[in-house]
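Spelled out from the first residue to the last, the chains are:
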Amino acid sequence: MACYEDSTCATPLIFVLSAGADPMSTIVRFATEKSYLDRMHAISLGQGQEPVAEKALEQMYATGGWVMLQNIELVARWLPKLEKKLEALEEGAHPDFRVFLSALPQKCVPVPILQKSIKLTNEPPSGLKANLKRAYLNFTEAIWENSSKQSEFKAIIFALCFFHSVVCERRKFGPMGWNRAYPYNPGDLKDSIAVANNYLEGQSVIPWDDLRYLFGEIFYGGHITDNYDRTLCEAFLLSYVRVELLEGNMPLFQGFATPGGPLTYKGYFEYIDESLDRETPMAYGLHPNAEVNFMTNQANELFTAIGNMAGGGGGGDGGPSLSERVKQMIDDLLEKLPELFNMVEIYERIDDVTPYTGVFLQEIERMNALIFEMRRSLIELDSGLKGDLSITEPMEIMMNAMAGNAQPPKWEKLAWASRASLGLWLIDMLARYNQLLSWTADLAQPKVSWISGFFNSQAFVTAVMQVACRKNDWPLNRVITTADMTKKMTPEEVEGATRDGAYIHGLFVEGARWDSSTNSLEEAFMKELYPKLP
């Protein structure tokens, strides 16, 4: 740790954590090298640990030891006190006194702590080759010599390193990789290999099923909370950790296989360099379209960050200023904003409240709440820009969001989940409003419902089930929902409402496509990211 030489008793080192990073093992190893392990206090912060941390700081301040405070973002309310504590400990400290901090990148860490600290981060490797090399760097050459079954042990290590690289790299593809992002880390890999070595030493026959269970249910599976993700993890292990691994040249994906036989520690790095010549989503079991999606999202995040850093200025080069641009947007939005639904008039026209009626009434009430807040906040901000009102912090937040073509936070809380820009979001909002407006015309169930145009789509699905149960006298808790695809691609092709269930449109599929000729899911076409369903 070269950065240690730049630190002082008044300059803490703060580790900004990334996915899978664990600086504690590095610090313990470094403390052992410097003979400071017996003079180091490591405290994982959480409820009730603040007094322990303060006592450790005072003790090491006097005796010249190290204090490692982990995950300081978990005690956000205590951080201002920590800031003052660190400031008070700057004068008269023992020259060997050091403070190490770790935190996830969150806004709760006080700026003075960040300003005076040396900041370090360990970004996870990007790409399969980099992940594989990083996985091997977790081990030294001495580990190879600890097993009496060299060829079997090396084969399993190679398979586990590849498995670890795949499950970590799939995270960057978002929900296409895993339904939830799991904090897989090098510790999972080390523990898996240690257990594999114990099984190899203790048994004459390799228990492949037992090993897969331990890897997929205990070490890596211990992070997994989604059943589909657990099934996916098991599928990977069935492909990589099996008896064919011992024969060598077992294909892991098209164009890359396991080594033909056991290699030296350095030989594995050379094999990875020579054999893994190109990166492809197929290595992770994904369609090539996944890479297009990932790179598009990455570019969007980059430009969003650049836009945020650029600030709001303007006007100096002859163009409109920030307030002028926002004022123009306010006028445009107020002009396009529809009127509130008259709930009293709608209720007077309803004779029988069916499950479908209940859903549409809830949707209208939520749309009214959104439109009311939009109009109120736009008029308020307009008055602030004119000088009739003082600009408050919520108004400034809204102004900055609109200037960045994003949804203001207050609108976002009342609306549906969306990552669209403000212009596209407004078009979507008006389309949702028009669906509700067409329902209020005759208060009958639409022949086709735009399911993705509801605030709460699940409520509509529940209403379909309730209507079916009432009609057929079925118990609701024993009914499931099924979806049948027609060959009609637009609502205009539907002549009337279906007798059972409901026609819906507005669904898309990701990672595949629907083939109407075979009525089944097929491989997606290249660069067709979100094929429409019938």
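To be clear, the structure that these remarks concern was listed above.
Criteria and cut-off values
- Residues numbered from 1 in each chain as written.
- Predicted model: local features only at pLDDT ≥ 70, side-chain atom pairs only at ≥ 80, totals over all residues.
- Heavy atoms only, no water.
- Axes fitted to C-alpha atoms, helices over the stretch in contact; angles between N-to-C directions.
- Helix = DSSP H or I, 4+ residues; strand = E, 2+ residues; numbered from the N terminus.
- Left-handed = near helix turned anticlockwise from the far one by under 90°.
- Contact = heavy atoms within 4.5 Å.
- Nonpolar A, V, L, I, M, F, W, Y, C, P; charged D, E, K, R; others polar.
- Patch = residues over 30% accessible without salt bridge, like charges linked within 9 Å, V, L, I, M, F, W, Y side chains within 5 Å.
- Areas by Shrake-Rupley, 256 points an atom, 1.4 Å probe, with all protein chains shown as cover.
- Salt bridge = Lys/Arg side-chain N within 4 Å of Asp/Glu carboxyl O.
- Core = buried A, V, L, I, M, F, W, Y, C linked by side-chain atoms within 4.5 Å.
- Buried < 20%, exposed > 50% of the residue type's maximum accessible area, 1.4 Å probe, protein only.
- Pairing = 2+ DSSP bridges.

J.: What is the right way to look at the packing of helix H13 (residues 322–336) against helix H15 (residues 355–386) in this model?
T.: If you want to describe how two helices pack, look at the angle between their axes and the distance between the axes. Packing of H13 against H15 leaves a shortest axis separation of 10 Å and a crossing angle of 145°. Considering how the two elements wind past one another, H13 and H15 form a crossing that is left-handed. Judged by residue contacts, Ser323, Val326, Lys327, Ile330, Leu333 and Leu334 of H13 engage Arg375, Leu378, Ile379, Leu381, Asp382, Leu385 and Lys386 from H15. A class-by-class count of the residues in the contact of H13 with H15 yields 8 nonpolar, 1 polar and 4 charged.

J.: Honestly, a nonpolar patch on the surface in this entry has me stumped. Any pointers?
T.: Among the surface-exposed residues, Leu302, Phe303 and Ile306 lie close enough to one another that they form a single nonpolar patch of about 320 Å² accessible area. Examined against the element boundaries, Leu302 turns out to sit in helix H12 (residues 289–310).

J.: Where do I start with the nonpolar core in this structure?
T.: The nonpolar side chains of soluble globular proteins are, as a tendency, buried together. Core analysis: the biggest nonpolar cluster contains 57 residues, and Tyr136, Phe162, Phe215, Tyr240 and Phe256 have the highest contact counts within it. Residue assignment for this core shows that the elements contributing at least two residues are helix H5 (128–136), helix H7 (150–169), helix H8 (186–202), helix H9 (208–219), helix H10 (227–240), strand E6 (251–253), helix H11 (265–275) and H12. When residues in this core are grouped by element, the largest group, 13 residues, is from H7. Every residue in contact with Phe256, bar those within four places of it in the chain, is listed here: Leu132, Phe158, Phe162, Pro251, Tyr271, Ser275 and Leu276. One finds Ile364, Met402, Trp411 and Leu443 within the second-largest nonpolar core, a separate group that totals 42 residues.

J.: What should I look at first to understand the sheet that holds strand E5 (residues 118–121) in this one?
T.: The strands making up a sheet are joined through hydrogen bonds of the backbone, oriented either antiparallel or parallel. Spatial ordering of the open sheet is given by E2-E3-E4-E1-E5, a layout of 5 strands whose pairing is parallel. Each having just a single partner strand, strand E2 (40–44) and E5 make up the two edges of the open sheet. This sheet shows a mean twist of 15° between the axes of neighbouring strands, independent of strand direction. For E2 and strand E3 (residues 66–70), the ladder comprises 5 bridges, and the chain directions are parallel. In the strand pairing of E3, Met40 is matched with Trp66.

J.: Any chance you could explain the side chain of Glu363 here in plain terms?
T.: With respect to the helices, strands and loops of the structure, Glu363 is situated in helix H15. Residues in contact with Glu363, not counting those within four places in the same chain, are Leu436, Phe454, Phe455 and Asn456.

J.: So what exactly am I meant to see when it comes to the pattern of salt bridges here?
T.: Pairs may arise between side chains of opposite charge once their charged atoms sit close together. A complete count under the given rule lists 19 salt bridges for this structure. A salt bridge links Asp428 to Arg432; the nearest nitrogen and oxygen atoms lie 3.2 Å apart. Taken together, the positions of Asp428 and Arg432, both in helix H18 (residues 422–442) and 4 residues apart, correspond to about one turn of that helix. Residue classification places Arg432 among the buried residues on the basis of a relative accessible area of 5%. Among the ionic contacts, a cluster of salt bridges with common partners joins Lys327, Asp331, Asp382 and Lys386.

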